[in-house]
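Understanding the architecture of this molecule
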Amino acid sequence: MSQTKINIIQSTFVPLNMENVDTDQIIPARFLKATTRDGFGENLFRDWRYENDDEAKPRESFVLNNANYSGNVLVAAKNFGCGSSREHAAWAIKDYGFSVVVSSFFADIFKNNALNNGLLPVTVSEDFLQKIFSLDYHSTLLIDLAKQTITIVVTGETELFEISTYKKTCLLNGYDDIDYLLSIKEEILSYEVAL
């Protein structure tokens, strides 16, 4: 299944300044019954968004319920996506409308699931992360995947981030693993002929 291409994203962001956010908080286990990727966004951070699981009672203190914050970049504190391996966590974040998640540390399994599902995890230093958290809700971030940079637009401060060359190619072109193989089909055929 092809993904949406990611190259340059400039957006306001939603700050989730909480450490050790696990996959069960991102998408609670009771919502894992579906087998397609659609519809998980409505239950993103469900237990933090609503009182007693009641959509009529949104928690005003939770950032996703604050109309001041919007954008397709989620900024989280360190150790985001820890806990059980749950691909649905990446599905929920993507389905909600985020294209990028920024943190100073991601759990490895979450990071891989994000990359496999067209969601870009950007790892920054703790110092840079705190600078982002200090910004107001009008501020924007500029993520340039080709250059592997993230910039705080108002100050011009920039950091480089790492990503595997393979996953970078996939995200830039909107490829999943099969799309990538099809894109190099001629090279594969040439290699087989040369054997």
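In this report, we go over the structure that sits alongside the text. (Residues numbered from 1 in each chain as written. Predicted model: local features only at pLDDT ≥ 70, side-chain atom pairs only at ≥ 80, totals over all residues. Heavy atoms only, no water.)

Our next topic: the pairing of strand 4 (residues 100-103). Side chains V100 and V102 of strand 4 all project onto a buried face; the interleaved residues V101 and S103 project onto the opposite face, where all are buried too. Sheet topology places strand 3 (residues 73-76) next to strand 4; three bridges connect them, and they run parallel. From the neighbouring strand, V75 faces strand 4, where its bridge partner is V102. Crossover handedness for the path strand 3 to helix 3 (residues 87-96) to strand 4: right-handed. Handedness of the crossover joining strand 4 and strand 5 (residues 120-123) through helix 4 (residues 108-116): right-handed. (Buried < 20%, exposed > 50% of the residue type's maximum accessible area, 1.4 Å probe, protein only. Helix = DSSP H or I, 4+ residues; strand = E, 2+ residues; numbered from the N terminus. Pairing = 2+ DSSP bridges. Right-handed = clockwise from strand over helix to strand, strands pointing away.)

The next thing to look at is helix 3. All of the buried residues in helix 3 are H88, A89, A90, W91, A92 and I93. Those residues of helix 3 hidden inside the fold are in contact with helix 1 (23-26), strand 4 and helix 4. In the segment just after helix 3, G97 is the residue with positive phi, at about 125°. (Contact = heavy atoms within 4.5 Å.)

Let us look at the nonpolar core. The biggest cluster of nonpolar side chains holds 29 residues, and the ones touching the most others in it are I26, F45, F80, I93 and F110. The leading source of residues in this core is helix 3, at five residues. Among all residues touching I93, those that are not within four sequence positions of it are I26, L44, F80, F98, V101, F110 and L119. Among the nonpolar cores identified, the runner-up in size contains 25 residues, and V100, F128, I132 and I150 belong to it. (Core = buried A, V, L, I, M, F, W, Y, C linked by side-chain atoms within 4.5 Å.)

Under the criterion given, the structure shown has ten aromatic pairs. Consider the rings of Y166 and Y180, whose centres lie 4.8 Å apart with planes at 85°: the pair is edge-to-face. Note that Y166 is positioned in helix 6 (residues 165-173) and Y180 in helix 7 (residues 177-183), a separation of 14 residues in sequence. Residue class for Y180 comes out partly exposed when judged on its relative accessible area of 22%. Pairwise contacts between aromatic rings join F45, W48 and F62 into one cluster. (Phe/Tyr/Trp six-rings, centres within 6.5 Å; stacked < 30°, edge-to-face > 60°.)

Attention now moves to helix 5 (residues 126-133). Three or more residues of helix 5 are buried, namely F128, L129, I132 and F133. Each buried residue of helix 5 lies within a common arc of 145° when the element is viewed along its axis, so the set occupies one face. The secondary structure elements touched by the buried residues of helix 5 are strand 2 (13-16), strand 3, strand 4, strand 6 (141-144), strand 7 (149-152) and strand 8 (157-160). (Arc of directions from axis to C-beta.)

Take the pattern of salt bridges next. All told, the structure shown has seven salt bridges when counted by the stated rule. R30 serves as the salt-bridge partner of D47, at 2.5 Å between the closest nitrogen and oxygen. Taken together, the residues span a long stretch of sequence, with D47 in helix 2 (residues 46-49) and R30 in the loop between helix 1 and helix 2 at a distance of 17 residues. Overall, D47 belongs to the partly exposed group, its relative accessible area being 27%. (Salt bridge = Lys/Arg side-chain N within 4 Å of Asp/Glu carboxyl O.)

Pairing is antiparallel in the open sheet, where four strands are placed in the order 1-6-7-8. Edge positions in the sheet fall to strand 1 (8-11) and strand 8, since each of these pairs with one other strand and no more. Put simply, the sheet's adjacent strands are angled 15° from each other on average, direction ignored. As judged from the four bridges shared by strand 6 and strand 7, these two strands associate in the antiparallel manner. Residue pairing in the sheet places D144 in a bridge with T149 of strand 7. Relative to strand 7, helix 5 is tilted by about 40°, and along the sheet it contacts strand 6, strand 7 and strand 8. (Axes fitted to C-alpha atoms, helices over the stretch in contact; angles between N-to-C directions.)

Function-wise, these values are silent; they only describe arrangement.
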